[in-house]
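# An overview of the molecular structure
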Amino acid sequence: MSTKQDKTIEVFENAPVHKAVFINIIPSVVSMIMVLVYNLADTFFIGQTKDALMMAAVSLATPAFLFFMAVGMLFGIGGTSLISRMLGQGRADDARHTCSFCFWTGAAVGVIGMTVILTAIDPVCSLVGATPATVGYVKQYLQIVAIGVPFLVIGNSFSNIIRAEGKANKAMMGMILGNVANIILDPIMILGFGWNVAGAAIATVIGQVLSAGFYIAHFMMGQSSLSIRLKDYRAGGHIATGVFAIGIPASLNSILMSTSNILVNKLMANHGDMAVAGLGVAMKVNMVAVMLLIGVGTGIQPLLGYNFGAGNRKRFMGILRFSLILAVSLSLVMSVICYLGAGPMVNAFLENPNVYDFGMEFARTLIISGPVLGVLFVMINTIQSIGAAMPSLILSISRQGILYIPVLFLFNRIFGTASSLVLAQPVTDYLSTALSIVLFIVAFRKHFARNPDAAAGSV
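Okay, so let's go over this structure. (Residues numbered from 1 in each chain as written. Predicted model: local features only at pLDDT ≥ 70, side-chain atom pairs only at ≥ 80, totals over all residues. Heavy atoms only, no water.)

### Here we look at helix 10 (residues 239–268)
With 30 residues, helix 10 should cover 44 Å at 1.5 Å per step; its first-to-last C-alpha distance of 42 Å lies within 8% of that length. If you look at helix 10, its biggest bend is around 35°, right at Gly247, and the proline Pro249 turns up within four residues after that. (Helix = DSSP H or I, 4+ residues; strand = E, 2+ residues; numbered from the N terminus. Expected span 1.5 Å × (residues − 1). Bend = angle between axes of the 7 residues up to and from the residue.)

### Here's the deal with the side chain of Arg399
Mapped onto the elements, Arg399 comes out in helix 16 (residues 389–402). Look at Arg399 and you get buried, because its relative accessible area is 8%. Polar side-chain contacts of Arg399 include one of 2.8 Å to the side chain of Asp429. If we skip the residues at most four places from it in the chain, Arg399 touches Asn253, Met257, Leu373, Leu376, Phe377, Tyr404, Gln425, Thr428, Asp429 and Ser432. (Buried < 20%, exposed > 50% of the residue type's maximum accessible area, 1.4 Å probe, protein only. Polar contact = N/O pair within 3.5 Å; in protein donor to acceptor, adjacent residues only side chain to side chain. Contact = heavy atoms within 4.5 Å.)

### Some words on the packing of aromatic side chains
Working definition: an aromatic ring pair is given by the centre-to-centre distance plus the angle between the planes. One pass over the structure, following the stated rule, counts 14 aromatic pairs. Between Phe358 and Phe362 the ring centres are 5.6 Å apart and the planes differ by 35°, which places this aromatic pair in the tilted class. Within this pair, Phe358 and its partner Phe362 are both found in helix 14 (residues 353–366), separated by four residues, close to a single helical turn. Of the residues examined, Phe362 reaches a relative accessible area of 0% and is grouped as buried. Among the aromatic residues, ring-to-ring pairing joins Phe75, Phe101, Tyr233 and Phe244 into one connected group. (Phe/Tyr/Trp six-rings, centres within 6.5 Å; stacked < 30°, edge-to-face > 60°.)

### Digging into the packing of helix 16 against helix 18 (residues 418–447)
Between helix 16 and helix 18, the least distance of the axes is 9 Å, while the angle of their chain directions is 175°. By the criterion of interaxial angle, the relationship of helix 16 to helix 18 is roughly antiparallel. In this structure, helix 16 contributes Pro391, Ile394, Leu395, Ser398, Arg399 and Gln400 to the contact, and helix 18 contributes Gln425, Thr428, Asp429, Ser432, Leu435, Ser436, Leu439 and Ala443. Here the contact of helix 16 with helix 18 is composed, by residue class, of six nonpolar, six polar and two charged. (Axes fitted to C-alpha atoms, helices over the stretch in contact; angles between N-to-C directions. Parallel < 35°, antiparallel > 145°, perpendicular 65-115°, else oblique. Nonpolar A, V, L, I, M, F, W, Y, C, P; charged D, E, K, R; others polar.)

### Looking at the nonpolar core
Counting residues in each nonpolar core, the largest one holds 138 residues, and the members touching the most others are Ile46, Ile83, Cys99, Val138, Leu142, Phe158 and Met268. Ranked by residues supplied to this core, first place goes to helix 11 (residues 273–309) with 20 residues. (Core = buried A, V, L, I, M, F, W, Y, C linked by side-chain atoms within 4.5 Å.)

### Notes on unusual backbone geometry
Within the chain, Asn196 stands out as a residue other than glycine whose phi angle is a positive 55°. Following the sequence through the fold, Asn196 ends up in helix 9 (residues 196–220). The exposure class assigned to Asn196 is partly exposed, which follows from its relative accessible area of 26%. Despite not being glycine, His238 shows a phi value in the positive range, around 70°. Here His238 lies in the loop between helix 9 and helix 10. We classify His238 as exposed; its relative accessible area is 64%.

### Looking at a nonpolar patch on the surface
A surface patch of nonpolar side chains, amounting to about 460 Å² of accessible area, comprises Val180, Ile184, Ile188, Phe193 and Trp195. Locating Val180 in the fold gives a position in helix 8 (residues 168–192). (Patch = residues over 30% accessible without salt bridge, like charges linked within 9 Å, V, L, I, M, F, W, Y side chains within 5 Å. Areas by Shrake-Rupley, 256 points an atom, 1.4 Å probe, with all protein chains shown as cover. Salt bridge = Lys/Arg side-chain N within 4 Å of Asp/Glu carboxyl O.)

Here is the structure:
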């Protein structure tokens, strides 16, 4: 075992809990902040065109983008959960086979996705709810972004998987490389070249290629104990089923998020394109809190997974307790910041007074769920880390599916206002947080037996 790998194991097994948590979550949080900045940059520079229809078009195209991020999460979260547990159990060879499986299968699915969008662009535009006024921009954006889908899947997968072996800094660097390139290229291509929506899409694709290329180079240069070599590809031996058992629930959450975004955009379109644009901006503002808290949750998952695989119940609970305290504290701080700063942040994106009014109201409505988001994301990643497939599935299909969609349509039926459509998300987040705590207790009692060694055999 290399010296670097020894240091990783030392952090996972023996470092003080607060130190181990911060070592893992800081790169993850920085990565999420970079994703946030990149998303805000896209919105900001599109906003500088002073064309609200372009802003609405990018918001409408986002669900298709989220769908393929979900594919990346399938292999990224599923692979991370399985690999971290395998490493905790000392099964290094199986971890290498799992990594190769995630790379090649994910790349193949990405190529298929690219082909589907390019050959069926009109049905896809109709599906995401493009209006006659926005369909041209939506089509233009999606046709370009489709080219980057295979790279998006690889980058989104391995920004997670590399963390499984404790290399959170490498995962962060790949994310930063792609996002910084995107941020730099946005003003050049959107405003400098005057390419508008097409410029935003091209910058996005270049960023995705750079991120994926960084992760591929990491493996090709022998800097990892894992592997993406085709000769190491294995799907049997519970590898495919182990990845899918956690990956599918994780990706379902993003797929349902994409679906729910399509639904809320279609319902919001009844209130006009300006309302759709305002919702898009409000979601970006809300991401300031959401991405930071997602970073905390994803950062601790490999740490929890390793100690679950090693059967170290005491350390597992110590990490979880500290992470929850940290997440709750950050949730409260970010809620205040986003609520008080909603006006200036919305104003930075669009000057249209009609869109500003919608954006301001919607942003402050969405942040109502801020105080509980930290607990929710920590619970989601904790359940995934122990390989609890059924609780993970239930939680994934609840937050953006069987809880959110009924609440959305119920509010639309009863109140019928634009603001009530937005309120559906905070209401669902509180319900989901309560559900996540119940599911964790059930999963913990079942998967982490009183005899700690019993957990070591569970994959």
